[in-house]
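# Coordinates in review
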Amino acid sequence: MKVSILLLIFFTSLSAQISLINEKDCYKDFQIEYFYDQSNTLQVTDLQTKQFKKTTNNFTFGYLDGTTWFKIVLDNNSTQEDFLLTFSEVLWKSFNLYQYKNNKWQLDKNGLDIPLDQRSFKSVYPTFRFHIPSGTKQTIYIQGQTIAGQLGEFQLCSQEHYFSESTFETLDIYLIFAFSLLSIFILNLYSYFLTKEKVYLYYVAYTFVFIIFSAMQSGFYLLLGFNGWNEGLHVVGTFVLVTLILFSDTFLHLKEHLQLIHKFFQLCIGLFLLFALLIWNDVPYTTLSFNIFSIFFFSALFYATIQTYRRGYVGAKYYLIALIIYSAMMTLMVLTFNAFLEYNFLNRHLFVLGSFIEIIFFTLILATKYRTMSQEKIKIQEELLQEKNRNEEELKLAVAERTTELEDAKKELEKLVVTDYLTKAKNIRAYREKIAELLSLYDRHQTPFCMIIFDIDNFKVINDTYGHRMGDIVLMELSRLVKSNIRKNDYFYRIGGEEFVLLLDNTALDKAEKFAQNLLDMVATKLSIIKDQKITISIGLTEVKANDTEDSIYKRADTFLYKSKNNGKNQVSFG
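Thresholds applied
Residues numbered from 1 in each chain as written. Predicted model: local features only at pLDDT ≥ 70, side-chain atom pairs only at ≥ 80, totals over all residues. Heavy atoms only, no water. Salt bridge = Lys/Arg side-chain N within 4 Å of Asp/Glu carboxyl O. Helix = DSSP H or I, 4+ residues; strand = E, 2+ residues; numbered from the N terminus. Buried < 20%, exposed > 50% of the residue type's maximum accessible area, 1.4 Å probe, protein only. Disulfide = S-S within 2.5 Å. Pairing = 2+ DSSP bridges. Axes fitted to C-alpha atoms, helices over the stretch in contact; angles between N-to-C directions. Contact = heavy atoms within 4.5 Å. Expected span 1.5 Å × (residues − 1). Arc of directions from axis to C-beta. Patch = residues over 30% accessible without salt bridge, like charges linked within 9 Å, V, L, I, M, F, W, Y side chains within 5 Å. Areas by Shrake-Rupley, 256 points an atom, 1.4 Å probe, with all protein chains shown as cover. Parallel < 35°, antiparallel > 145°, perpendicular 65-115°, else oblique. Left-handed = near helix turned anticlockwise from the far one by under 90°. Nonpolar A, V, L, I, M, F, W, Y, C, P; charged D, E, K, R; others polar. 1 Å grid on protein atoms, 1.4 Å probe; cavity = no way out; pocket = protein on both sides within 12 Å on 5 of 7 lines; lining within 4 Å. Points joined across faces, edges and corners; volume = space filled by probe spheres on them. Phe/Tyr/Trp six-rings, centres within 6.5 Å; stacked < 30°, edge-to-face > 60°. Lys NZ or Arg CZ within 6 Å of the ring centre and 35° of its normal. Right-handed = clockwise from strand over helix to strand, strands pointing away. Core = buried A, V, L, I, M, F, W, Y, C linked by side-chain atoms within 4.5 Å.

## Some remarks on the pattern of salt bridges
Scanning the model with the defined rule gives eleven salt bridges in all. Between Asp457 and Lys565 there is a salt bridge, with its nearest N and O atoms 2.8 Å apart. One end of the pair, Asp457, is in the loop between β13 (449–456) and α14 (459–466); the other, Lys565, is in helix α17 (residues 550–566), with 108 residues separating them in the sequence. Residues Asp548 and Arg556 are paired through a salt bridge, measuring 2.6 Å at the closest nitrogen-oxygen approach. The same class applies to Asp548 as to Arg556, namely buried. Because the salt bridges share partners, they merge into one network encompassing Asp455, Asp457 and Lys565.

## Observations regarding the state of the cysteines
Tallied over the full model, the rule gives one disulfide. Note that Cys26 is cross-linked by a disulfide to Cys157, the S-S spacing being 2.2 Å. With a gap of 131 residues between them, Cys26 in strand β2 (residues 26–27) and Cys157 in strand β12 (residues 149–158) connect regions that are remote in the sequence.

## Some words on the sheet that holds β13
Pairing in this open sheet of five strands is mixed, and the strands run β14-β15-β13-β16-β17 from one edge to the other. Either end of the sheet is taken by a strand with one partner, and the two such strands are β14 (490–496) and β17 (572–574). Taking each pair of neighbouring strands and ignoring which way they run, the sheet shows an average axis angle of 20°. Relative to strand β15 (residues 499–505), β14 runs antiparallel, the two sharing six bridges. From the neighbouring strand, Asp490 faces β15, where its bridge partner is Leu504. Set on the sheet, helix α13 (residues 428–445) makes contact with β13, β14 and β15; between it and β14 the angle comes to about 135°.

## Side note on helix α16 (residues 509–526)
Look at α16: 25 Å from first C-alpha to last across 18 residues, which is about the 26 Å you get at 1.5 Å a residue. For α16, the full list of buried residues reads Ala512, Phe515, Ala516, Leu519, Leu520, Met522 and Val523. Take α16 and look down its axis: the buried residues cluster within an arc of 165°, on one side only. Exposed side chains of α16 directed beyond 90 degrees from the buried face belong to Asp510, Lys511, Lys514, Asn518 and Thr525. Contacts from the buried residues of α16 go to β13, α15 (468–483), β14, β15, β16 (537–543) and β17.

## Structural notes on a nonpolar patch on the surface
Together, Tyr285, Leu288, Ile292 and Phe296 give the surface a local cluster of nonpolar side chains, amounting to about 470 Å² of exposed area. Examined against the element boundaries, Phe296 turns out to sit in helix α9 (residues 286–310).

## Describing the packing of α9 against helix α10 (residues 315–337)
Packing of α9 against α10 leaves a shortest axis separation of 9 Å and a crossing angle of 155°. In terms of orientation, α9 lies roughly antiparallel with respect to α10. You can see that α9 and α10 cross each other, and the crossing is left-handed. For the pair α9 and α10, contact is made by Phe298, Leu301, Phe302, Thr305, Ile306, Thr308 and Tyr309 and by Ala316, Lys317, Tyr319, Leu320, Leu323, Ile324, Tyr326 and Ser327, respectively. Looking at the contact of α9 with α10 residue by residue, the classes come out as eleven nonpolar, three polar and one charged.

## Side note on the layout of surface pockets
Reported here for the largest pocket is a volume of approximately 2,100 Å³. When the residues that make up the lining of the largest pocket are grouped by side-chain class, the tally is 14 nonpolar, eleven polar and 19 charged.

## Digging into the environment of Leu233
Within the element layout of this structure, Leu233 appears in helix α6 (residues 232–251). By relative accessible area, which is 9% here, Leu233 ends up buried. With 142 residues separating them in the primary sequence, Leu233 and Leu91 have C-alpha atoms 8.5 Å apart. Leu233 has contacts with Leu91, Phe213, Met216 and Gln217, leaving out every residue within four places of it along the chain.

## Description of the packing of aromatic side chains
This model, assessed by the stated rule, comprises 43 aromatic pairs. Between Phe454 and Phe500 the ring centres are 5.4 Å apart and the planes differ by 15°, which places this aromatic pair in the stacked class. Placement of the pair is Phe454 in strand β13 and Phe500 in strand β15, with a sequence separation of 46 residues. Residue classification places Phe454 among the buried residues on the basis of a relative accessible area of 0%. Members of the aromatic cluster, joined through ring pairs, are Tyr34, Phe59, Phe61, Phe70, Phe87, Trp92, Phe95, Phe128 and Phe154. One cation-aromatic arrangement involves Lys71 over Phe52; the distance from NZ or CZ to the ring centre is 5.4 Å. A cation over an aromatic ring shows up here: Lys434 above the ring of Tyr491, its NZ or CZ 4.3 Å from the ring centre.

## Remarks on the pairing of β16
The buried count for β16 comes to six of seven residues, which makes it a mostly enclosed element. Where β13 meets β16, seven bridges bridge the pair, whose relative direction is antiparallel. Within the sheet, the bridge partner assigned to Phe454 lies in β16 and is Ile539. Alignment of β16 against β17, held across three bridges, turns out to be parallel. Residue Gly540 lies in a different strand from β17, and its bridge partner there is Ser573. The β-α-β motif built from β16, the intervening α17 and the parallel element β17 has left-handed crossover chirality.

## Remarks on the nonpolar core
Within the largest apolar cluster, 70 residues are counted, with the highest numbers of intra-cluster contacts made by Phe210, Leu244, Phe272, Phe297 and Tyr319. Broken down by secondary-structure element, the contributors of at least two residues to this core are α3 (170–195), α4 (198–218), α5 (220–223), α6, α8 (259–280), α9, α10 and α11 (345–390). It is α4 that provides the largest number of residues to this core, a total of eleven residues. Residues in contact with Tyr319, not counting those within four places in the same chain, are Leu244, Phe247, Ser248, Phe251, Leu252, Leu301, Thr305, Phe362 and Ile365. The next biggest cluster of nonpolar side chains, apart from the first, holds 32 residues, and it includes Phe454, Phe492, Leu519 and Leu520.

And the structure:
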């Protein structure tokens, strides 16, 4: 025991220390020492022979699985004897203080593993109370483990200063943020009940989950009597992204405008829920994988927002502004957690402001949408009332004219719903209705039909070389050429990107093969849009068979399409 005490005194003399003086009641800028134990096996009695490194009292080491030991030497040259050591982060699952008293090491447990009512000092932030007689020196060790980034800031204050100083704490910021979100939550919940539109419901869910997320970030939930949940922050973080996907997908109308991104977002929902399950069960490297995949998701979200705005949706512009602000400030926090930026208040917590701006933007957009809907409804009601007050006959005439307009508008809307906006070919919705109809006819009357799937060869090269506008022109001209050379009982569809489908009603495979070959030759010879650039297509062809479904006949034709591609393109494969 004597040898251990001598070693402790020796290494303490070499270490950084805080000199406590009467002129200062609170220490916010000092040096500490640390030692990283990757094995998680060291005890406090093993530390006297370890070589500690120096760092400042505010630090960030990034994501580490092991235990970090902090060493703080206090040299009390003041008349104060009672002090509080506070730490700025709640996201450490264990944060235990060791001090040598009465010839033994005494342990004061803290961190998320320890409920508030079992801590020596009742605070969501790790806080330790200790006594140092004047004129003495004391060394304390702190053992810390976290599944988040190892970062934070120590402060040392006298008890009188700590309890007398009125400070605006980080927890207060999160409480203001949470109550602001709660008011937004109620507003949008009310809007949902009025409109019954899913976009409001998804936004309500997003706001609610973000309230929980902010409570986890700040540790506020501990004050409500909940025990610490080590994996909770990242689990809730996955649900933040799930609800953001549901809201964004609906708000940006991705299912109608960007089907590939829509399908990718549906996949993301499943993956994020899987991440939540794996993180909950503490599967190694899941949090890192979740963070990396989130980068790909946000990249896709930026792309989808830009593309939606380019297609004329004005609301996407404000969504993009909010997304840029949110992402920039969230990036500061992520870089700080990963030790790429120094730990300070702004880098760590500015994302709260970014989140608040983002949510305010979204709320204003939705409120404007609701107000527009209400104004349109009021305007229609006022017009009808004015017509009624004028004359009954005029009202009847107006109603008749309005009915005709609505019927025309309905017909036009029905046409738009099943028409591709760019090529004016029928879209995938119309295709699914027709293929179901043809399959039904085949089942009842054995009426044959064939399916042709074709797409433009090297279309990506056209886009990359001549620009997407030229790619759009190629698609439109190809559609015009095909529509002008098919029969009345042939049905032409654009089902996505540069991929098209032809359904040849009451047509056997041999005739369909001749038609497909003629189509191939016609495109190669007549579609001369780009100088010195021959445009060709590859075709997959098949005839309906017994027990075929929409999926099976499509997959068979698609297989032949890929056969044409693999065999050199600009050809027909069938069977």
